[in-house]
Amino acid sequence: MTETGGTPRLAVFGAGVMGIGIATLAVGRGVPVTLVDVDQSRLGTARERLRGELRLAHMTGALPRTGPVGELQLADSAVAAADATWVIEAITEVAELKAKVHREIASVVAPGTLRVTNTSSIPVDELAGQVPTPEDLAGIHFMNPPYLIGTLEVIRGPRTGERAMTAVQTLLTTLGRKGIVVGDGPGFVTSRVLHRMINDAANVVEEGRASVEDVDGLMQGCLGHPTGPLRTADLIGIDNLVDSLSVLYERTGDDSYRPSELLLRKVAEGDHGRKTGRGFYEYEVR
């Protein structure tokens, strides 16, 4: 229950792959969700996409088949999130756009409402410096698909307050997730380590030293990687991966994060991975 005695509600900003995935996790756990996006075409397909993800989550056992399903509301304005218990921003990995959305969120929600940025690489404090009440802002790195991956990277920025961290734990418990809290900085832990590996795997393929399948096969068979780095890139979304690599490269100056020419070419050709039907592998688009 919320402090006012109402049913806890989650607001998710962004009806892309990650926003739909997070919303699926929440409604599958019985949490009402307000999904906000200014793109009417995305909103128009959001309910159908979420139903498809929920069916898949039930088929795989990732979410319970029985029990309550949260109500989904769709909106194109931040005002719809005014009564939210928690707010998660899950838009594209561009700091200026994220800061703009968080200013809009802060202008409508009650003081003390947890505001979360779902980011894979942008430091939380970079956003905190551009928004009101930075003590209410924390980072949670949801990975794709959110309903399947039970452990989340939680980022506490230097200005994140204790109340926000307590609210993060309540949210994760409600969603049935485990959080591991890490310090702030470009890429945090997961992206800092994983994205360099994926980038180098793409460079190995570009250099002609091994095929896509052989790179993934070696990393799976020899090192125990569950899917291989290049299949993982397809799951992340190669466009999202390039955005994150660019953030890491710009903020660290480390040349190992400079996006591979092969990754850049795939983005330019529209081969973004599983969501577009083609990346390093081919997929059936649902």
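As the structure is a computational prediction, the values presented were derived from the model and not from experiment.

About the criteria used
- Residues numbered from 1 in each chain as written.
- Predicted model: local features only at pLDDT ≥ 70, side-chain atom pairs only at ≥ 80, totals over all residues.
- Heavy atoms only, no water.
- Pairing = 2+ DSSP bridges.
- Helix = DSSP H or I, 4+ residues; strand = E, 2+ residues; numbered from the N terminus.
- Axes fitted to C-alpha atoms, helices over the stretch in contact; angles between N-to-C directions.
- Contact = heavy atoms within 4.5 Å.
- Right-handed = clockwise from strand over helix to strand, strands pointing away.
- Buried < 20%, exposed > 50% of the residue type's maximum accessible area, 1.4 Å probe, protein only.
- Salt bridge = Lys/Arg side-chain N within 4 Å of Asp/Glu carboxyl O.

A. Main features of the sheet that holds strand 3 (residues 72–75). Taken in spatial order, the eight strands line up as 3-2-1-4-5-6-7-8 in an open sheet, and their pairing is mixed. Edge positions in the sheet fall to strand 3 and strand 8 (178–183), since each of these pairs with one other strand and no more. Going from strand to strand, the sheet's axes swing by 25 degrees on average, the running direction of each strand aside. Where strand 2 (residues 33–36) meets strand 3, four bridges bridge the pair, whose relative direction is parallel. By the bridge assignment for strand 3, V36 is matched with A75. Here helix 2 (residues 40–59) sits on the sheet in contact with strand 2 and strand 3, set at roughly 160 degrees to strand 3.

B. Quick peek at the pairing of strand 7 (residues 151–156). Judged from the three bridges that link them, strand 6 (residues 137–141) and strand 7 form a sheet pairing that is antiparallel. By the bridge assignment, G139 is partnered in strand 7 with I155. Both strand 7 and strand 8 contribute to a ladder of six bridges, which runs parallel. Looking at the pairing, I155 lines up with V182 of strand 8. The parallel pair strand 7 and strand 8, bridged by helix 5 (residues 162–175), forms a crossover whose chirality is right-handed.

C. Broad picture of unusual backbone geometry. With an omega dihedral of -5 degrees, the bond running from N144 to P145 counts as a cis peptide bond. With respect to the element layout, P145 can be found in the loop between strand 6 and strand 7. Despite not being glycine, T133 shows a phi value in the positive range, around 35 degrees. Considering the arrangement of structural elements, one finds T133 in the loop between helix 4 (124–128) and strand 6. Classification of T133 as partly exposed rests on a relative accessible area of 34%. Of note, F188 is a non-glycine position whose phi angle comes to about 55 degrees, a positive value. F188 gets classed as buried once you look at its relative accessible area, which sits at 7%.

D. Looking closely at the pattern of salt bridges. Under the criterion given, the structure shown has 17 salt bridges. Between R42 and D37 there is a salt bridge, and its shortest N-O distance comes to 3.8 Å. R42 gets classed as partly exposed once you look at its relative accessible area, which sits at 39%. Salt bridges here are not isolated pairs; linked through shared partners, they connect E89, E93 and K98.

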